[in-house]
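# Structure at a glance
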Amino acid sequence: MWCSKILVAYDGSTASRKAVSLAREIAEEEPLAEFVFVHVMKLYAMGSGVENVLIDDANATLDELQELVADLGSRAQVKMLRGSSPADLILKCAKEEGCDLIVMGSRGRGGVKGYLGSVSYAVVQGSPITVLITKEETDK
């Protein structure tokens, strides 16, 4: 088995949907592989009046993720990570869970088209394990 536990980062972006899709393909090829699907809720200064909107958005994305991977059953954990540095949270979770592969999109919802996003770049640079980056479809 080339990987046994895989962390998959999801934020609802097209590239992160491809990461989930790729993880599902790996699940078919590696029936013993386990998965940790994570969504990061970036915490900003609380008391600004937007907390409920941020929390509602994060919960909706987490619910969507749970639906996408429900059929993987006990092979899949779904977690919400909370903090100010998404890359650090992803790397810490991968280490704590004993993952040997991270799969994530090339950029999240706010990234500039055509460039590796800041979170994916930081994860690639800081990860001691392999990081597999999925890209959005490009117009030809």
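Predicted model only: the values in this text are computed from it and were never measured.

Conventions used here
Residues numbered from 1 in each chain as written. Predicted model: local features only at pLDDT ≥ 70, side-chain atom pairs only at ≥ 80, totals over all residues. Heavy atoms only, no water. Phe/Tyr/Trp six-rings, centres within 6.5 Å; stacked < 30°, edge-to-face > 60°. Buried < 20%, exposed > 50% of the residue type's maximum accessible area, 1.4 Å probe, protein only. Pairing = 2+ DSSP bridges. Helix = DSSP H or I, 4+ residues; strand = E, 2+ residues; numbered from the N terminus. Axes fitted to C-alpha atoms, helices over the stretch in contact; angles between N-to-C directions. Contact = heavy atoms within 4.5 Å. Right-handed = clockwise from strand over helix to strand, strands pointing away. Polar contact = N/O pair within 3.5 Å; in protein donor to acceptor, adjacent residues only side chain to side chain. Salt bridge = Lys/Arg side-chain N within 4 Å of Asp/Glu carboxyl O.

### Thoughts on the packing of aromatic side chains
- Evaluation of the coordinates by the stated rule reveals 1 aromatic pair.
- Ring geometry for Phe-35 versus Phe-37: centroids 5.9 Å apart, planes at 20°, classification stacked. Across this residue pair, the class does not change: Phe-35 and Phe-37 are buried.

### What to know about the sheet that holds strand β2 (residues 34-42)
- The strand order β3-β2-β1-β4-β5 describes an open sheet built from 5 strands, whose pairing is parallel. Edge strands, defined here as strands with exactly one partner in the open sheet, are β3 (76-83) and β5 (130-134). Strand-to-strand twist of the sheet, defined as the mean angle between neighbouring strand axes without regard to direction, takes the value 25°.
- Of the strand pairs in this sheet, strand β1 (residues 5-9) and β2 are connected by 5 bridges, and their pairing is parallel. Bridging across to β2, Ala-9 finds its partner in Val-38.
- Most of the contacts of helix α1 (residues 14-29) go to strand β4 (residues 101-105), to which it runs at about 145°, and overall it touches β1, β2, β4 and β5.
- In the packing of helix α2 (residues 51-69) onto the sheet, the strands contacted are β2 and β3, and the crossing angle to β2 comes to about 165°.

### A few points about the pairing of β2
- Taken across its 9 residues, β2 has 7 buried, putting it largely inside the fold.
- Chirality of the crossover, the property in question, places the unit of β1, α1 and β2 among those that are right-handed.

### Let's talk about the side chain of Ser-127
- Mapping Ser-127 onto the fold places it in the loop between α4 (118-126) and β5.
- By relative accessible area, Ser-127 is classed as buried at 15%.
- From its side chain, Ser-127 meets the backbone oxygen of Ile-129 in a polar contact 2.8 Å long.
- With residues up to four places along the chain from it excluded, the contact list for Ser-127 reads Leu-91 and Ile-102.

### Here's the deal with the pattern of salt bridges
- In total, this model carries 5 salt bridges according to the counting rule given.
- Two residues, Arg-17 and Glu-64, come together in a salt bridge whose shortest N-O distance is 3.2 Å. Remark: Glu-64 occurs in helix α2 and Arg-17 occurs in helix α1; sequence separation between them is 47 residues.
- Here Arg-24 and Asp-71 are joined by a salt bridge, their closest N and O atoms 2.7 Å apart. Separated by 47 residues along the polypeptide, Arg-24 in helix α1 and Asp-71 in the loop between α2 and β3 bring together distant segments of the chain.
- On the basis of relative accessibility, which here comes to 56%, the residue Asp-71 falls in the exposed class.

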